[in-house]
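Each chain, written out:
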Amino acid sequence: MSTPARIHHWLDERFGWDDLVAPLRHKTVPRHRLSYWYFLGGMTLFLFGVQLCTGILLLLYYRPSAGEAYESVQYISTKVQFGWLVRSIHSWSANLMVFMAFAHMFSVLFLRAYRKPRELTWVTGLLLLFLAMGFGFSGYLLPWNTLAFFATKVGTEVAGQVPFVGHSITVFLRGGEDVTGATLTRFFGFHVAVLPAIATMILGLHLLLVQRFGISVPPGIEKEWERDPSQRRETRFFPNFLLRELMAWYVALGLLGALAALFPWELGAKADPFAPAPAGIKPEWYFLAQFQTLKLIPAKVLHIDGEVLGVLAFGAAALIWMLLPFLEPKLKSGPRWVLGLGIFALAFLGTMTIYAYLAK
Amino acid sequence: MAVLRAGLLALAALAMAWPLAVAAQQPAAAANACLDCHSAMDAPLQVTAAQFAADIHAQKGLTCASCHGGDPSDAGNAMSPAKGFRGHLDRAKIVALCGSCHGDAAFMRQYDPSLRTDQLAQYRTSVHGKKLAAGDTHVAICTDCHGVHGILPASDTHSTVNPVNVATTCKRCHADAAYMKSYKIPTDQYAGYTSSVHFAAMTERGDLSAPTCTTCHGNHGAAPPGVASVANVCSTCHVFQAQLFDASPHKAAFDAAGFPGCVTCHSNHHIQKPGDSMVSTGAGSVCTNCHSEGDDGFKAAENIHGQISTLQERIADSKAVLQQAAHSGMEVGEAELQLAQADDALTKARVAVHTFTPAKVQEDVTAGTAVAEKTREAGIAALRERDFRRKGLGLSLIAILLVVAGFGLYIREIERK
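Conventions adopted
- Residue numbers here run from 1 along each chain, matching the order of that chain's written sequence.
- Note on labels: chains are lettered from A, ligands numbered from 1, in written order.
- Where totals are concerned, whole chains, interfaces and linings use all residues; where local detail is concerned, this predicted model gives features only for residues with pLDDT of at least 70, and gives and counts side-chain atom pairs only at 80 or more.
- Secondary structure elements are defined from DSSP: runs of H or I of at least 4 residues count as helices, runs of E of at least 2 residues count as strands, and each element is numbered from the N terminus.
- To get the radius of gyration, use the C-alpha atoms; to get the globule rule, take the number of residues to the power 0.38 and multiply by 2.2 Å.
- Put simply, a residue is buried when 20 or more other C-beta atoms lie within 10 Å of its own C-beta and exposed when 12 or fewer do; between those, it is partly exposed, and each C-beta is set from the backbone.
- Throughout, a residue-residue contact means that the two C-beta atoms, derived from backbone geometry, are no farther apart than 7 Å.
- Between N-to-C directions, angles span 0 to 180 degrees; the directions come from axes that are lines fitted to C-alpha atoms, helices contributing only their stretch in contact.
- Domains are outlined according to an automatic or database domain assignment.
- When residues are grouped by polarity, Ala, Val, Leu, Ile, Met, Phe, Trp, Tyr, Cys and Pro land in nonpolar, Asp, Glu, Lys and Arg in charged, and all others, Gly among them, in polar.
- Our angle categories are set so that under 35 degrees counts as roughly parallel, over 145 as roughly antiparallel, 65 to 115 as roughly perpendicular, and the remainder as oblique.
- Each crossing gets its hand from how the near helix is turned against the far one by less than a right angle, where anticlockwise is left-handed and clockwise is right-handed.
- Here a nonpolar core is just a set of buried residues of the types Ala, Val, Leu, Ile, Met, Phe, Trp, Tyr and Cys, joined wherever their C-beta atoms sit within 7 Å.
- Values of pLDDT, the confidence the predictor places in each residue, fall between 0 and 100.
- To estimate the expected span of a helix, subtract one from its residue number and multiply by 1.5 Å.
- The arc in question is the one spanned by the directions pointing from the helix axis to the C-beta atoms.

Draft legend 1. View of the overall build of chain B. Looking only at helices and strands, chain B has 22 helices and zero strands in total. What you see for chain B is a C-alpha radius of gyration of 37 Å, clearly larger than the 22 Å of a compact globule of 417 residues, by over 25%. Along the first, second and third principal axes, the C-alpha atoms of chain B reach 135 × 85 × 40 Å. Within chain B, the fraction of its 417 residues that count as buried is 24%. Considering only intrachain contacts with a sequence separation of at least 6, the fraction spanning at least 24 residues in chain B is 52%.

Right under this line is the structure:
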């Protein structure tokens, strides 16, 4: 018996290896002209893995205090062997992960993959998207540079617009009335402990639901297959689909390496809490649409504070978005409504983001 | 009936007494018989109520009578000689009149304990004061600079003696060629000053500590600084330059030749931002005004200029390399911060020029050059690292491409079966 066979036998004897991997051997993935959209979820998962690995490496040198944070990131970027690569990949991958999560969400929406029985997969996925944005917001402050400092100031101020509890939320996020070293320590705690713990649990549930219900077939294609069952195509998950996924992951890895080497993530100037805010402070691109919308809402709308109204509207929109799989069947021409909402949301986010980039 | 009559009488008495009671409550300035007439007169006798109300003296409770005598509270006796009315004040007596209060420390203490009381004593030492004592009433007296009615404290930006307005106030006489003709002194000081680095600092940078006329000449004791004291005047701000100059070989030479220290090279009112070419042997040199080719001073100027130019070039070179590295996305913040030390060394070398000794200048130049060299090396190392990364990226991409191609071929192979 060869050595790999002996190891396989040893594992099978003790853990029932063959029974464990049997579902994987039989698992199939629908194959049709829209199958490539399926890769977006896997790509987001891969980027989350990259974040985890690079994040742990950064933790070896990063120091979460106002006096040392900037210097420690500078040290990582200049003195630590391949520290520049790890930090740049962490920053680029974070942005790509949020982008992929958005793309995955919209692909699921337009392919109507949220339909029964996958409502909870949609809900957990959306929660993961919000968590990814939370990771981005908390991680942005950690290098303690000027842009991050003032963007966090603005961001936590927006949270303060929530009626009744807004001020308490701001104080909770900042660890006081102002953005200080206490905020940095707090954001570090959120970024490396609280958010990963919650994300791991929800991600586990999300993946479990994906495994349990399999991958959805778009309604149009399902109808075509029902009319002509001979057109139904499936591919084995292991190894065929997984290998294709791996190919995509490798390409993503190459892209991350290229971005890190050609466009290393800037560190900027160290934050100075006593300096005036530089002109044109803007948050990360995935908050730009909300930021610009809040800026465009008039100061008072029907005697209600414009920003309060904006924050409430965003909260209501997020809630409706999460409940879409439950609302769609109850509405007359529900799928059309969802399609319309999806196109509107995409156009709104895209336009507002571009507008914010161009605005002074 | 008697009660009614008594009541009516009491009401009538109250009505008559009311305006008197109100008048008694008004501040003294409101019941100013002088202003009643003078506010309606034409210049030069006109004094408006607004002018008088803005005057620091009126605000402190002084009245027209404080200077002019008389009784402003009584229209009938306002100009009565019996009440001490002095009327128009003679220019020759104004200085003494102002000094009677402003030279009285006990009196001034009740208004502003920190206000100096030596103005009159200083004025008597000034050129203005000496000429006035000699009977020349054309010279500046207190009211020429501070104004007459409507005198503002010097800290008020509208005051004629506020630092930003001093030059304009002095210029009124000193730039007037006709007025100054009999004194036989130049009238281009204001033109020179307004084109100087000091004026720019005051007006463009808003630096109120930048020198104006009174900073160098004194205010109440205004006089041209003598040749011997020019360096002392400049050294109140330019301390290090003055110390180095005093210890330099030029000190004794200038004293012997009767040259007025700093002014010899930098001029006086028309002082420009000094450039490195001043200490050189080329265009813009001030050394060649006295030194000629072959002498020690000429050689020293050539040497010092060469040293400073070299340090400047090294710093510029280092900056360019670091900028190139930063544009390539490399983190060179630490080196850029270090390079600021080379800039400091250059500034120190420029100050050390006042020793006129190449060896002294070299100390700072050597220190600055070492820093510039070190930061340049850091920039070159960053550029080398950038190239290494790009090569590494190329190799990694080839490896990734091979793996992806391998996966593709393997997938095709297993799907063919």
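Draft legend 2. Main features of the overall build of chain A. Across its full length, chain A holds 14 helices and four strands. Overall size of chain A, expressed as C-alpha extent along the three principal axes, is 70 × 60 × 35 Å. Going through the 360 residues of chain A one by one, you find that 31% of them count as buried. Contacts spanning at least 24 positions in sequence make up 76% of the contacts within chain A whose residues lie at least 6 apart.

Draft legend 3. Quick peek at the packing of helix 7 (residues 146-159) of chain A against helix 8 (residues 166-174) of chain A. Axis separation between helix 7 of chain A and helix 8 of chain A bottoms out at 7 Å; the angle between their running directions is 145°. Two secondary-structure elements touch here, helix 7 of chain A through Thr156(A), Glu157(A) and Ala159(A) and helix 8 of chain A through Gly166(A), Ile169(A), Thr170(A), Leu173(A) and Arg174(A).

Draft legend 4. Quick peek at the domain arrangement of chain B. One can read the domain layout of chain B as domain 1 (31-88) and domain 2 (296-416). Computed over C-alpha atoms only, the centres of domain 1 of chain B and domain 2 of chain B are separated by 74 Å.

Draft legend 5. Geometry of the interface of chain B and chain A. Each partner contributes to the interface: chain B provides 20 residues, whereas chain A provides 19 residues. For the side of chain B that touches chain A, the elements supplying multiple residues, two or more each, are helix 21 (333-352) and helix 22 (358-416) of chain B. Residue contributions to the side of chain B that touches chain A peak at 15 residues, all from helix 22 of chain B. For the side of chain B that touches chain A, the residue count by class is ten nonpolar, five polar and five charged.

Draft legend 6. Focus on the environment of Ala257(B). Residue and element names in this part refer to chain B. Examined against the element boundaries, Ala 257 turns out to sit in helix 18 (residues 249-257). Accessibility expressed as a C-beta count within 10 Å gives 10 for Ala 257, which makes it exposed. Expressed as a C-alpha distance, the spacing of Ala 257 and Ser 196, which sit 61 residues apart in the sequence, is 27 Å.

Draft legend 7. Fine view of the domain arrangement of chain A. Residue and element names in this part refer to chain A. Structurally, chain A comprises domain 1 (29-218 + 235-270) and domain 2 (282-360). Measuring from the centre of the C-alpha atoms in domain 1 to the corresponding centre in domain 2 gives 21 Å. Between domain 1 and domain 2, the contact holds 21 residues from the first and 16 residues from the second. Counting residues per element, the ones that place at least two in the side of domain 1 that touches domain 2 are helix 5 (83-110), helix 6 (119-141) and helix 7. Top element by residues in the side of domain 1 that touches domain 2 is helix 6. It accounts for seven residues. Considered class by class, the residues forming the side of domain 1 that touches domain 2 number 15 nonpolar, three polar and three charged.

Draft legend 8. The packing of helix 5 of chain A against helix 6 of chain A, seen in detail. Residue and element names in this part refer to chain A. Where helix 5 contacts helix 6, the axes come no closer than 10 Å and their chain directions differ by 160°. Comparing their axes, helix 6 and helix 5 come out roughly antiparallel. For the pair helix 5 and helix 6, the sense of crossing is left-handed. Across the interface between the two elements, Ala 94, Met 97, Val 98, Ala 101, Phe 102, Met 105 and Val 108 from helix 5 touch Trp 122, Gly 125, Leu 126, Leu 128, Leu 129, Ala 132, Met 133, Phe 135, Gly 136 and Gly 139 from helix 6. The residue makeup of the contact of helix 5 with helix 6, split by class, is 14 nonpolar, three polar and no charged.

Draft legend 9. Structural view of unusual backbone geometry. All names here are of chain A. Cis rather than trans, the peptide bond between Phe 238 and Pro 239 has omega equal to 5°. Positionally, Pro 239 belongs in helix 11 (residues 237-262). Phi at His 303 is positive, roughly 70°, even though this residue is not glycine. Relative to the helices and strands, His 303 is located in the loop between strand 3 (300-301) and strand 4 (304-305).

Draft legend 10. Spotlight on the nonpolar core. One finds Leu47(A), Met97(A), Trp144(A) and Ala148(A) to be the most contacted residues of the largest nonpolar core, which totals 66 residues. The leading source of residues in this core is helix 5 of chain A, at 14 residues. Taken together, domain 1 (29-218 + 235-270) and domain 2 (282-360) of chain A each give at least three residues to this core, which thus spans both. Beyond its immediate chain neighbours, meaning those up to four positions away, Trp144(A) contacts Ala66(A), Ala69(A), Tyr70(A), Phe149(A), Leu184(A), Lys270(A) and Ala271(A). Counting residues in hydrophobic clusters, the runner-up holds 35 residues, among them Val230(B), Ala301(B), Ile304(B) and Phe356(B).

Draft legend 11. Main features of the confidence of the model for chain B. Residues and elements named next belong to chain B. Scored by pLDDT, chain B comes out at a mean of 88, with 92% of its residues at no less than 70. Counting contacts from residues 6-30, a segment whose pLDDT is below 50, to residues more than four positions away or on other chains yields six contacts. The complex model carries a pTM of 0.71, and its ipTM stands at 0.83.

Draft legend 12. Representation of helix 12 (residues 285-296) of chain A within the structure. All names here are of chain A. In a regular helix each residue adds 1.5 Å, so twelve residues correspond to 16 Å; helix 12 covers 17 Å between its end C-alpha atoms and thus fits that length. Among all positions of helix 12, only Tyr 286, Phe 287, Ala 289, Gln 290, Phe 291 and Gln 292 are buried. Where the residues of helix 12 are buried, they touch helix 5, helix 6, helix 13 (306-327) and helix 14 (334-358).

Draft legend 13. Expanded view of the environment of Ala69(A). Relative to the assigned elements, Ala69(A) resides in helix 4 (residues 69-78). Separated by 115 residues in sequence, Ala69(A) and Leu184(A) have C-alpha atoms that sit 8.7 Å apart.

Draft legend 14. Local environment of helix 21 of chain B. Residues and elements named next belong to chain B. The end-to-end C-alpha separation of helix 21 is 29 Å, in line with the 28 Å expected for 20 residues at 1.5 Å each. Among all positions of helix 21, only Ala 335, Leu 339, Ala 342, Ala 345, Leu 346, Ala 349, Arg 350 and Ala 352 are buried. Within helix 21, the buried residues cover an arc of 155° as seen down the axis, which keeps them to one side. Opposite its buried face, helix 21 presents the exposed residues Leu 337, Ala 340 and Thr 347, each directed more than 90 degrees away.

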